[in-house]
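As a plain string of letters, each chain reads:
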Amino acid sequence: MGNKQTIFTDEQLDAYQDCTFFTRKEILRLHGRYHELAPHLVPMDYTNDPDVKLPSALIVNMPELKENPFRSRIVESFSEDGEGNLSFNDFVDMFSVLSEMAPRELKAIYAFKIYDFNTDNFICKEDLEKTLNRLTREELTPEEVNLVCEKAIEEADLDGDSKLSFADFENMISRAPDFLSTFHIRI
Amino acid sequence: MDTVDSVFYPGPSNNPLLDQLPSYQSLLYRRKSSGAGGTKRRGSSRTRLNSRTRVSSSSSWKWKGDRVEERPTTLSLERTVRELPKCMEQKRRNNVERMEQARDLSAWKQWGQSARHSLKRLKEDCGQALSWLELWRQDIHVIEGMFGTGILSYFSFLRFLVLLNFVIFLLMFGFVMLPIIITNRASGNATFNPKHEGECTIYPSTSRRGLVVFHHYITDLLSGTGFLEETYLFYGYYKVETIDFPSFRYNLPLAYVLITIAYLFLSLIWIVKRSATGFKRKLVQDQDRFQSFCNKIFAGWDFCITNEMAARLKKSSLLYELKTDLEEERSRQKVAGRTVREKCRIYVLRLVLNLFVVAVLAACFYSIYRATIFSQEAQMYPPRNFILQLIYEYLPSMVITLANFITPLLFSFIIQFEDYSPAFEIRFTLMRCVFMRLASIGVLLFSLWSQITSCGSSNCLCGYNHKLYPCWESRVGQEMYKLMIFDFIIIGAVTIFVEFPRKLFVTYCDCGLAKWWGQQEFAIPQNVLEIVYGQTICWIGAFYCPLLPAISTIKYFIVFYIKKMTLVKNCRPATRPFRASSSNFFFLVVLLIGLALACVPVIVSIAQINSSHACGPFMNYNTSWEVVPQAVSQLPGGLNTFLKAISSEAFAVTFFVVTGLAMFYVIALAGAHKRVVNQLREQLAMEGRDKRFLIQKLYQAQKTPVRSTQNLEEPGGVFLVQPPAVSATHV
């Protein structure tokens, strides 16, 4: 398009455009954001795919994630080592899934991973309690927390094992009208 | 049962059976941990499902690994690469694979694919270019970050109304005003042959002569009389029958009527189109088992919030919502436990309170009626003092605004005694307020018409009271103009004189009163009602005052900035948050009610009431609608009969019957789908229980000591005594 940028090759940008929900301009902008998190670590030239990972502590302090109670879980779910260290690919992937254009099914998969604190492929009562406490600044009494978690599991659990598998979760999300508009970060 | 259930609990010896289930394939974690005992308490070692490292693994696992990988790709062929839940490298590889597969296709299919690809790219680039043109993009982004998606929906609704009004103005301008402007400059010849004679056609000029005091100009500007009355602003100026251009004749009255119908229709289609997505989502919601708790926990946090203050408030509001839900649960149990005596008492109380509400509404409507009549009579003999004159002119507007200020407070006070559930309380109060606001315009118009069509004791000579209202459409237009100006003044005045001082008072004064009053909350429902009220006035008034949509556009444009300023400076987010999903739907439903209400006066006045003979484009017709049948009769024969056939009763009845059948069919289809969904849900639950049962049985069978040879003969490697070397799921 006449943009004399030297950060990515054209094939790389094409591949990014195919694999994410961003346009070329947005990918370049994302690279700028990634770079300014750690200017000395992140190279400006990505044409030869450098293997650079930023630690989780830098990413969770981004203004878009700073106030999110699940920021550490979000970053962990998109990182390859489970610790929250994101390469640029993971970084772009994260914001792509959280963008407006990602479909509900894709978002539901990652939402499940985020809310599954102990990563056992089930959202059990402890996971729910942790979620609830992060959401309400721990101001509910323990009985209320217990009651809310029980009611939530009662509402969504289909197969009767008193915890939510991915099928239960996806079914519940498909009936949650707010999910698409709230599970969305603008960058 | 407990020991068997432990198969589901995470432990150091995680049952590998679970990991091999196909349903877990979609939950590929991006684990790169190699070697035994990774960072989590996973006993077995995993290696990355990567073709590069495959070489070292055993051949059987490689085969299994490939087969396992294959299944997701065949399932996901319908989905584009970007929708796969895999990490970037895998998506890239998928992309490359697909492109290589595509190369094997025939040349025609290849061309088709590449055409689709470049079309998609083009659409994305165009979309990005167009988004730069979007009005107020940056402002709305800032608001979203600070206050969340509920208030965002209000501002995008406001933006929608600005655009709608601008388009309506362009329609009116292009088809009604532009031809007249062109005739004044250029080629056309505006003709008009008055058919009626006599006193019906007398239209005394209202422009002031002689020495005019300055404040008369202000009065004229604010009430549309005097120098404004005979301008493009009002209906009375369009005294043209046809315009003869060199090549064709332009029938202005026909254009006027058709454009009125067109803009009402356009508004309807645009609103319905906008509400379609929200409506679909509302249908999906299963009302019987609505999951309020799950919604709040999993979809409650707005990920867009970037402001610390807003985050804290969001947490408080979620807390409040959860407590309210628990409260609602308790009240539901209480209602279920009500005795018959209590029920009787509640119903009697509700009946009495509803009668009281009806009485209040009747009183308000009556006062609007009297105020309008008083104002009309006062305009015949205006007082000397111009401030008093202005007050008399604006009396209906003031009474309407006062009524709309008091009644919501009254309604929200009354509903506490009616003992409904909290959600229903909000909705019911809102419905009452909507009705009050929109019906007050109707009452104003009704009282105007009763004045216009009453000629004392005798029958009206010209079909309307020509002595008092030689050009009654302009008068109605003036009333609508006054309503709109007053509405705008009130919005500005309330912001400047109530909200700013309140903020200063609450911030700097440390007394108990300040704490009790508290900071202003941006109450979305009331604000939405305000702008829907303004839009209804615009729709009704555009027929009588063609420039009203332009005034409305400018008004909403300024209101956006006023509201944004008051939001940022004076308000804190509401403790009772307004749901984003249902709010869009709610706004558009209220707007549709306003549109429906606006159609009624317009249709009645076009079709029923005699148009005035002294001014306007319909001087030579009895009613405004007459111009259409006359124009149709001048069309060529075939088209003429066709249009006559469409408007005949036979066609109308057939059309309604067919539409009724179609609706019945669609409703039956929806019911059938709902039943199927319920059945499938039960089936899903049953399958889940089956799965649990089978896995428990397997686990039991595993645990019982058997001869080792039996285990190794099992096919597929399902039964394993030791954990496997690699696991297929955790990548």
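Look above for the structure.
The structure contained in this document is the topic of the report that follows. Please read these numbers as outputs of a predicted model, since none were measured by experiment.

### Side note on helix H8 (residues 142-156) of chain A
Reasoning step 1: Here H8 of chain A contains 15 residues, and its C-alpha end-to-end distance of 21 Å stays within 8% of the 21 Å for a straight helix at 1.5 Å per residue.
Reasoning step 2: Regarding H8 of chain A, the residues found buried are Glu144, Val145, Val148, Cys149, Lys151, Ala152, Ile153, Glu155 and Ala156 of chain A.
Reasoning step 3: Summarising the contacts, the buried residues of H8 of chain A are in contact with helix H7 (125-136) and helix H9 (166-174) of chain A together with helix H10 (292-299) and helix H11 (308-336) of chain B.

### Here we look at the state of the cysteines
Residue and element names in this part refer to chain B.
Reasoning step 1: Under the criterion given, the structure shown has one disulfide over all chains.
Reasoning step 2: For Cys471, the disulfide goes to Cys615, at an S-S distance of 1.8 Å. Here the S-S torsion is close to 95°, and the disulfide linking Cys471 with Cys615 is therefore right-handed. In this pair, Cys471 is assigned in the loop between helix H15 (422-452) and helix H16 (472-508) and Cys615 in the loop between helix H20 (580-607) and helix H21 (627-633), connecting sequence segments 144 residues apart. Like Cys471, the residue Cys615 is buried in the burial classification.
Reasoning step 3: The closest cysteine sulfur to the non-disulfide-bonded Cys545 is located on Cys538, 9.1 Å from its own sulfur.

### Some words on the side chain of Glu479 of chain B
All names here are of chain B.
Reasoning step 1: As for its position among the elements, Glu479 is in helix H16.
Reasoning step 2: The buried category is assigned to Glu479, whose relative accessible area is 2%.
Reasoning step 3: Among residues more than four places away in sequence, those in contact with Glu479 are Gln376, Gln379, Pro396 and Leu448.

### Regarding helix H6 (residues 104-115) of chain A
Residues and elements named next belong to chain A.
Reasoning step 1: Given a rise of 1.5 Å per residue, twelve residues ought to cover 16 Å, and the 16 Å separating the end C-alpha atoms of H6 matches this to within 8%.
Reasoning step 2: Of all twelve residues in H6, eleven are buried; the element is thus mostly enclosed.
Reasoning step 3: Looking only at H6, the buried set comprises Arg104, Leu106, Lys107, Ala108, Ile109, Tyr110, Ala111, Phe112, Lys113, Ile114 and Tyr115.

About the criteria used
Residues numbered from 1 in each chain as written. Chains lettered and ligands numbered in written order. Predicted model: local features only at pLDDT ≥ 70, side-chain atom pairs only at ≥ 80, totals over all residues. Heavy atoms only, no water. Helix = DSSP H or I, 4+ residues; strand = E, 2+ residues; numbered from the N terminus. Expected span 1.5 Å × (residues − 1). Buried < 20%, exposed > 50% of the residue type's maximum accessible area, 1.4 Å probe, protein only. Contact = heavy atoms within 4.5 Å. Disulfide = S-S within 2.5 Å.

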